[in-house]
Amino acid sequence: MEDWVLKLPKVDLHLHLDGCVKPETWLALAAEQGYDSPAQDADSLLPYMQVDESCASLPDYLSKFAFVLPLLQTREALARVAREAVEQAASHNCLYIEVRFAPLLHTKRGLSADDAIGAVVAGLQQGERRTGAVARAIAVCMRHHSEEANLPVVEAALRHYGRGLVAVDLAGDEGAFPAVGFRGLFARAREAGLPVTIHAGEAAGPDSIREAVAGLGAVRIGHGVRLREDQELLEWIRERRIPLELCPTSNIQTKAVASWSDFPLRDYYDRGLVVTVNTDNPTVSGTNMTRECRELAERFGFTAAELADLMRQALDAAFVESPARVELRARLDARLAALGIEPAAARR
Ligand SMILES: [Zn+2]
């Protein structure tokens, strides 16, 4: 059963739209938009879009996004990459994905935050129809934008909430712009019932995670790899059953974790934290959900039953609404049963 990892039904909760643009698509968009390309074919273009082993830091990693963003300023381009995000995920047997993006980074050529969300949701829905996978959007507020500048993102997200969009997020330079500066913004989201997930504990330490949950009301944490630096906080997160969206390949490339042997996912799982495994940026990181699962199997001895348990935890942590949630759980269990995989008993 060489390919059980590929066949395993999967859930990806942490996936950035601008991190999964295919090189072929970049070339097509550049041609359509009259944009000069530094390369003429997908293979030669890939180094502009993907980090390699020499990736030095988060800023090095982030430079890859600057390369794609100028082309993602129209409804058509946003809808296309959103549709392709679903298609790529479905090719790795993802049943459900949450695709996040920062609407304000797509307003350079006249789109509003509302327009950008509408285009991405439309693209995700096209992807759903083509593949049968289920996809929802998350709107990201940026740390380097002020609360005031980010308010239109939350307002637009509220208008789309329940119509393809399921949550808001905060991302960007975690060290330079602490979460405490965004309490008012996320209070606005929470008071209106919009769920919150926050990138925290990636480039900054445990205090950033504490503030994300206690100050901003995050009900999930993006990454959170550095949680182990504060055992008391770790216990608090465990008791509250706050899911962590870990992205192993990305976390190692950005040096959030020094090496694979130091990656805490196995430890967190064994200690009963709610952990999920995700891709973050398939193109930039050169990864996909099959590869992430394979790394866990090969490096940390995750069995099929344990990986199935991780996928169940991910679906439980998903922001998807019912009845789609109930239907997805049934589909996940049916696919696992067909593969003869019985999820490991939850260790909690
Ligand atoms: Zn992320």
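Structure report, in brief. Just so you know, the residues in each chain are numbered from 1, in the order the chain's sequence is written. Whole-chain, interface and lining totals are the exception, using all residues; otherwise, since this is a predicted model, local features are given only for residues with pLDDT of at least 70 and side-chain atom pairs are given and counted only at 80 or more. Hydrogens are left out, water is left out, and the side-chain values use all remaining heavy atoms of the structure.

1. Focus: the overall build of the protein
Secondary structure follows DSSP: runs of H or I at least 4 residues long count as helices, runs of E at least 2 residues long count as strands, and numbering of each begins at the N terminus. Counting secondary structure elements, the protein contains 16 helices and eight strands. Radius of gyration: over C-alpha atoms. The globule rule applied is 2.2 Å multiplied by the number of residues raised to the 0.38 power. The C-alpha radius of gyration computed for the protein amounts to 19 Å, which stays within 12% of the reference 20 Å derived for 348 residues, consistent with globular compactness. Over its C-alpha atoms, taken along the principal directions, the protein stretches across nearly 55 × 45 × 45 Å. When the 348 residues of the protein are sorted by exposure, 59% land in the buried category. Should any heavy atoms of two residues lie within 4.5 Å, those residues are considered in contact. In the protein, once contacts between residues fewer than 6 apart in sequence are set aside, the share between residues at least 24 apart is 74%. Total accessible area computed for the protein in this model is approximately 13,300 Å², and 51% of it derives from carbon and sulfur atoms. The buried label applies to any residue whose accessible area, calculated with a 1.4 Å probe on protein chains only, is under 20% of its type's maximum; exposed applies above 50%, and partly exposed to all values in between. Note on areas: Shrake-Rupley, 1.4 Å probe, and residue coverage restricted to the protein chains presented here.

2. A look at the sheet that holds strand 5 (residues 197–200)
Following DSSP output, two strands are said to pair if at least two bridges run between them. Taken together, the four strands give an open sheet; going across it, the order is 5-6-7-8, and neighbouring strands pair in parallel fashion. Each edge of the open sheet is held by one strand with a lone partner, namely strand 5 and strand 8 (275–277). Across the sheet, the mean angle separating the axes of adjacent strands is 30° when strand polarity is ignored. When strand 7 (residues 244–246) meets strand 8, the two strands line up parallel, connected through three bridges. Note on strand 8: the bridge partner recorded for Leu-246 is Val-277. Note on definitions: angles span 0 to 180 degrees between N-to-C directions of axes, and those axes are lines fitted to C-alpha atoms, for helices only across the stretch in contact.

3. Let's talk about the pattern of salt bridges
Whenever a carboxyl oxygen of Asp or Glu lies within 4 Å of a side-chain nitrogen of Lys or Arg, that contact is scored as a salt bridge. Overall, the coordinates contain 29 salt bridges when judged by the stated rule. Through salt bridges with shared partners, a single network forms among Glu-98, Arg-100, Asp-169, Arg-220 and Glu-245.

4. Some words on unusual backbone geometry
That bond from Ser-322 to Pro-323 is cis: its omega, 5°, falls within 30 degrees of zero. Topologically, Pro-323 is positioned in the loop between helix 15 (304–317) and helix 16 (324–338). A positive phi angle is found at Lys-255, which is not glycine, with a value near 70°. In this structure, Asp-280 takes a positive phi of about 70° despite not being glycine. With respect to the helices and strands, the residue Asp-280 is situated in the loop between strand 8 and helix 13 (282–285). For Asp-280, a relative accessible area of 3% puts it in the buried group.

5. Some points on the coordination of the zinc ion
Under ideal tetrahedral coordination, the four donors around a metal are separated by 109.5 degrees; under ideal octahedral coordination, the six donors are separated by 90 or 180 degrees. Excluding water, the donors of a metal are its N, O and S neighbours within 2.8 Å, or within 3.2 Å for Na, K and Ca, and that exclusion means sites may look incomplete. Surrounding the zinc ion are the protein donor atoms His-14 (NE2), His-16 (NE2), His-199 (NE2) and Asp-280 (OD), which sit 2.1 to 2.6 Å from the metal. Note that the zinc ion binds four donor atoms; their angles at the metal cover 83 to 174°, and the shape is irregular. Sequence spacing of the donor residues for the zinc ion, all on one chain, is H-x1-H-x182-H-x80-D. Here His-16 is found in strand 1 (residues 10–16), whereas its partner Asp-280 is found in the loop between strand 8 and helix 13, with 264 residues between them in sequence. Sites are called tetrahedral only when four donors show all angles between 85 and 135 degrees, square planar or octahedral only when four or six donors show opposite pairs over 155 degrees and all other angles between 65 and 115, and irregular in any remaining case.

6. So, the pairing of strand 2 (residues 94–101)
The buried fraction of strand 2 is high, at eight of eight residues. Note that strand 1 and strand 2 share five bridges and pair parallel. Paired with Asp-12 across the bridge in strand 2 is Ile-97. Relative to strand 3 (residues 134–142), strand 2 is paired through six bridges, and the arrangement is parallel. Residue Arg-100 lies in a different strand from strand 3, and its bridge partner there is Ile-138. Handedness of the strand 2-helix 6 (residues 113–131)-strand 3 crossover: right-handed. Consider the strands pointing away from the viewer: the crossover is right-handed when the path from the first strand over the helix to the second runs clockwise.

7. A word on the layout of surface pockets
Quantified by volume, the largest pocket comes out at close to 470 Å³. With a 1 Å grid spanning the protein atoms alone, the term cavity applies to any set of points in which a 1.4 Å probe fits but cannot get out, the term pocket to an open set with protein on both sides within 12 Å along at least five of seven lines, and the term lining residue to any residue with an atom within 4 Å of a point. In terms of lining residues, the largest pocket is bounded by 23 residues, among which Leu-62, Phe-65, Met-142, Ala-171 and Gly-172 are the most central. The set of elements that each furnish at least two residues to the lining of the largest pocket consists of strand 1, helix 4 (58–68) and strand 3. It is helix 4 that provides the largest number of residues to the lining of the largest pocket, a total of five residues. Grid points are joined across faces, edges and corners, and a volume is the space filled by probe spheres set on the points.

8. Quick word on the side chain of Thr-276
Along the chain, Thr-276 falls in strand 8. Separated by 2.9 Å, the side chain of Thr-276 and the backbone oxygen of Leu-244 make a polar contact. Two N or O atoms count as a polar contact when they lie within 3.5 Å, although within protein this holds only if one can serve as hydrogen donor and the other as acceptor, and sequence-adjacent residues are included solely when both atoms are side-chain atoms. At 3.0 Å, the side chain of Thr-276 forms a polar contact with the side chain of Asn-278. Among all residues touching Thr-276, those that are not within four sequence positions of it are Leu-13, Leu-244, Glu-245, Leu-246, Leu-265, Gln-313 and Ala-314.

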